[in-house]
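Residue-level structure breakdown
In case you want the letters, here they are:
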Amino acid sequence: MQISATGIGKKFNRRSIFREVDFSVETGEVFGIIGRNGSGKSTLLRIIGGLLSPSAGSISYGINGTDVSVEHLHRVMGYAAPYLTLYEEFSAAENIALYAKIRGLQKGSSDIAALLDRVGLPTDRKDPIRAYSSGMMQRMKLIFSILHEPPLLLLDEPISNLDREGMAVVYDIVAEQKKTGTVIIATNDDEDIAQCDRTLRVEGRA
Amino acid sequence: MWWKLLLFFWIAAFSAVGLVTPIAGSLTELSMIAQWSAEKAIPVKFRTAGEPVSAEDGGWVIRGTDKHGHDADFHFSAIPENAGTRDGYLATARYDTTAHRVEVVEVLGEYPGFSFPFIPGLEERAKIIFFHVPMAWMTVVAFLVSMWFGIQYLRKKDLEDDFRSVASAGLGLLFCVLATTTGSLWAKFNWGSFWNWDPRQTSIFVLLLVYGAYFALRSAVEIEEKKATLSAVYNIIAAATVPFFIFIMPRIMPGLHPGSADDNSAGPVVSSGGMDAIMRFVLYSMLGGFLVLYGWLMRIQGRLHRIKLKRAELAP
Amino acid sequence: MLKQAFAIFWKDLASELRTRYAINALLMFVVVTLAVIMFALVGETLSPGALTGMLWVVMFFAAMSGLSRSFVAEEERGTSMTLQLLATPTAIYLGKLLFNLLLVLALNIFIVLLFLLTMDQFTVAQIDLFWFVILLGSIGIASATTIIAAIIAKANTKGTLFPVLSFPVILPLLMAGISATKIAVEEPMWDTVWPDLQLLGSYIVVVITISFLLFEFVWKD
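Rules used throughout
- Residues numbered from 1 in each chain as written.
- Chains lettered and ligands numbered in written order.
- Predicted model: local features only at pLDDT ≥ 70, side-chain atom pairs only at ≥ 80, totals over all residues.
- Heavy atoms only, no water.
- Helix = DSSP H or I, 4+ residues; strand = E, 2+ residues; numbered from the N terminus.
- Rg over C-alpha atoms; globule rule 2.2 N^0.38 Å.
- Buried < 20%, exposed > 50% of the residue type's maximum accessible area, 1.4 Å probe, protein only.
- Pairing = 2+ DSSP bridges.
- Axes fitted to C-alpha atoms, helices over the stretch in contact; angles between N-to-C directions.
- Contact = heavy atoms within 4.5 Å.
- Buried area = accessible area lost by both parts, 1.4 Å probe.
- Salt bridge = Lys/Arg side-chain N within 4 Å of Asp/Glu carboxyl O.
- Polar contact = N/O pair within 3.5 Å; in protein donor to acceptor, adjacent residues only side chain to side chain.
- Parallel < 35°, antiparallel > 145°, perpendicular 65-115°, else oblique.
- Left-handed = near helix turned anticlockwise from the far one by under 90°.

1. Quick word on the overall build of chain C
When its secondary structure is counted, chain C shows nine helices and zero strands. Counting from the amino terminus, helix and strand elements in chain C follow one another as α-α-α-α-α-α-α-α-α. In terms of overall size, chain C behaves like a compact globule, its C-alpha atoms giving a radius of gyration of 18 Å where 221 residues would be expected to give roughly 17 Å. Per-residue burial over chain C gives 57% buried out of 221 residues.

2. Considering the sheet that holds strand β4 (residues 56–63) of chain A
All names here are of chain A. Spatial ordering of the open sheet is given by β2-β1-β4-β5, a layout of four strands whose pairing is antiparallel. This sheet does not close on itself; its edge strands, each paired only once, are β2 (15–25) and β5 (66–68). On average, adjacent strands in this sheet sit at an angle of 25° to one another, irrespective of strand direction. Sheet analysis places β4 next to β5, joined by three bridges and oriented antiparallel. When the sheet's bridge partners are listed, I63 is paired in β5 with T66.

3. Looking at the interface of chain C and chain B
Listed per partner, the contact involves 33 residues of chain C and 28 residues of chain B. Summing the contributions of chain C and of chain B, the shared interface buries around 2600 Å²; its carbon and sulfur component is 80%. Three residues stand out in chain C for area buried against chain B, namely P168, M175 and F217 of chain C, and they jointly supply 21% of the buried area on that side. Applying the counting rule to chain C against chain B returns zero salt bridges. Scanning the region where chain C abuts chain B turns up five residue pairs in polar contact (both at pLDDT 80 or more). Broken down by secondary-structure element, the contributors of at least two residues to the side of chain C that touches chain B are α7 (127–153), α8 (158–185) and α9 (190–219) of chain C.

4. Regarding the side chain of T146 of chain C
All names here are of chain C. Inspection of the secondary structure assignment puts T146 in helix α7. A distance of 3.2 Å separates a polar atom in the side chain of T146 from a polar atom in the side chain of N100. A distance of 2.5 Å separates a polar atom in the side chain of T146 from the backbone oxygen of A142. Aside from chain neighbours lying at most four places away, what touches T146 is F71, Y93, K96, L97 and N100.

5. Here's the deal with the packing of helix α3 (residues 129–156) of chain B against helix α8 (residues 277–311) of chain B
Residues and elements named next belong to chain B. Look at α3 against α8: their axes get within 9 Å of each other, and the N-to-C directions meet at 40°. When the axes of α3 and α8 are compared, the pair comes out oblique. As for how α3 packs across α8, the hand of that crossing is right-handed. Where α3 approaches α8, its residues I129, F130, F131, V133, P134, M135, W137, M138, V141, A142 and V145 are matched on the opposing element by M279, V282, L283, M286, L287, F290, L291 and Y294.

6. Topic: the pattern of salt bridges
The full count for this structure, using the stated rule, is 20 salt bridges over all chains. One salt bridge connects E89 of chain A with R77 of chain C, and the closest N-O pair in it is separated by 2.8 Å. Linking E89 of chain A in the loop between β6 (77–80) and α2 (92–103) with R77 of chain C in helix α4 (residues 69–77), this pair reaches from one chain into another. Accessibility expressed as a relative area gives 31% for R77 of chain C, which makes it partly exposed.

7. Some points on unusual backbone geometry
Unusually for a residue other than glycine, E149 of chain A sits at a positive phi of about 45°. Position of E149 of chain A relative to the elements: it lies in the loop between α4 (134–146) and β7 (152–156). By relative accessible area, which is 64% here, E149 of chain A ends up exposed. Positive phi, close to 55°, is recorded for W197 of chain B, a residue that is not glycine. In this fold, W197 of chain B is placed in the loop between α4 (159–190) and α5 (199–219). For W197 of chain B, a relative accessible area of 40% gives the class partly exposed.

And the structure:
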């Protein structure tokens with residue numbers, strides 16, 4: 001997945017968060033977005049993910065030379081972030097089945113168990129995920145982001161709320177993704193930054 | 001600067017013409033009124049076609065011609081001043097169906113060069129048309145302009161377009177309130193109550209609700225960009241559904257307004273092409289004046305907006 | 001796209017059946033409103049035409065208290081971004097429209113049945129036309145309120161804003177619906193009711209078309 005962004009700027013209430021951001025990312029890269037708190041890392045990541053429209057500039061996406069429009073970006077992109085909320089009234093398996101169904105994927109119970117196992121969640125819990133701890137919730141969000149094996153993975157502070165074992169799961173996913181696709185991480189954590197091939201510093205207002 | 005002065009004089013002059021021009025009927029209206037009420041006197045104008053002759057039952061009779069060229073005897077109780085030298089009169093009068101002559105009640109003045117027609121049921125109250133109708137039109141114009149800039153905002157995401165959309169909606173609300181107030185005051189005197197749920201009253205009431213909802217929505221969203229998008233979308237939805245009233249209302253309610261679909265008594269006021277030429281000229285002049293006034297108010301709001309942005313150091 | 005829309009529809013339905021967030025409160029709302037009307041009308045004899053007006057008032061307020069739920073819930077729980085990452089805006093709008101349609105149909109059928117059972121004076125001259133008008137009216141209410149619900153879900157004062165924004169938009173539908181229901185209740189004549197039915201139909205087509213065009217702007221931040 002190739003991404004190239006030119007002259008990206010974002011304003012809220014007429015005030016500029018950041019302006020004139022240019023970068024490009026190639027397949028097989030782990031790209032880091034770093035910056036102080038409030039510099040607009042998450043905002044930039046949301047713009048890259050097509051969740052927000054930029055106030056200025058444009059981004060183009062391509063897979064092996066064919067363009068992908070923003071409308072269809074969600075099909076080829078996985079996204080995990082602290083500000084995402086999953087459907088807490090459903091159990092873990094029901095959540096995964098739901099996402100698969102909306103995406104039009106066939107996932108049997110063995111596929112679901114394998115996914116839960118991969119991120120280190122129990123496979124036999126039937127209760128709503130409302131009761132899950134924040135670390136377990138973060139692992140659920142990782143499943144949400146890799147369920148459809150997307151060529152592009154966007155991770156916002158991926159190791160927040162996670163223990164050592166959880167961090168290993170994240171870096172395993174990143175390493176796996178790097179083989180065939182692209183990863184963009186927005187973070188301030190040194191261990192995350194160590195995973196990145198290149199970084200971009202966002203200098204927004206504080 | 002000069003055009004603002006011109007605009008001021010334009011509106012002032014046509015307001016004066018609209019208000020001062022006398023209303024004067026003809027023999028047609030006199031005989032029409034006589035069928036409904038023997039006592040009611042209405043303003044008429046007529047030219048004298050002969051010398052005053054003393055009548056057998058007292059008073060004086062002058063042969064006269066109304067504006068359509070119809071002749072009749074006009075009976076005065078006392079001989080009017082300069083009777084022999086005047087070429088016409090504006091007077092209140094009624095038609096005496098037994099004596100077959102016009103009873104002049106009070107002489108108001110000379111034969112006026114131009115006048116507005118007498119419309120049974122409206123009379124002097126017809127003059128509201130020069131103020132009320134332009135206000136109602138401006139309400140709709142402002143609403144359409146607001147929607148147009150709303151669409152432009154959705155296309156180009158330029159907050160200046162949003163500003164124009166709000167400014168126009170604000171003026172639309174002002175004109176809407178003015179049109180509603182003048183209209184319902186008038187309705188009290190003409191139709192007997194302030195509010196009658198006539199189709200056009202209902203439509204303007206709904207427009208008032210739409211404008212109210214539009215501003216309520218805007219004040220409930222904090223991020224300017226989101227505020228602009230949501231209010232533009234609401235504006236377009238409202239503009240798509242309000243026209244349904246044109247089809248639904250006449251089925252539910254009979255129209256009271258002149259020119260309503262089921263109205264055949266409106267006579268010469270607004271029935272298409274039938275409006276008196278002078279009235280139409282004054283009305284269109286006032287419409288033009290209001291349109292320029294609207295443009296001017298938009299400009300003032302634009303300047304105020306730029307000053308505010310500059311003070312907040314947000315000017316683009 | 002249709003598959004996605006149905007998946008979202010099933011998600012909302014399963015969520016509603018599990019939490020009973022809207023439906024229990026809504027059914028109670030209807031019962032309470034009808035009880036208030038009956039207490040207010042003790043000993044009064046009202047024409048079926050006047051009761052038709054009452055029926056629509058109950059249907060309108062039931063819709064106003066329940067139909068914003070599906071969008072407001074996504075926004076309040078913070079799941080709207082999750083949904084945005086899963087499906088196209090068109091599929092989401094369609095899924096929500098289907099859910100609202102089911103909810104409003106269930107609600108209106110419940111209201112009408114209660115009305116027919118409890119109001120002795122409410123007799124319907126032509127029952128099939130009557131139900132057809134209720135069906136069209138329900139579709140109309142669902143189509144108009146879905147996009148308005150999407151708008152107010154993004155605003156701060158969601159609850160109070162919903163009826164304020166909905167009323168001017170939904171008023172033509174209410175008037176045509178009341179007029180058509182009255183004809184069905186009092187003196188059914190196909191040629192008098194036909195313009196109302198045309199109006200209801202074209203209103204639904206216009207509102208749904210414009211909602212499809214505009215929903216993406218509302219939905220995306």
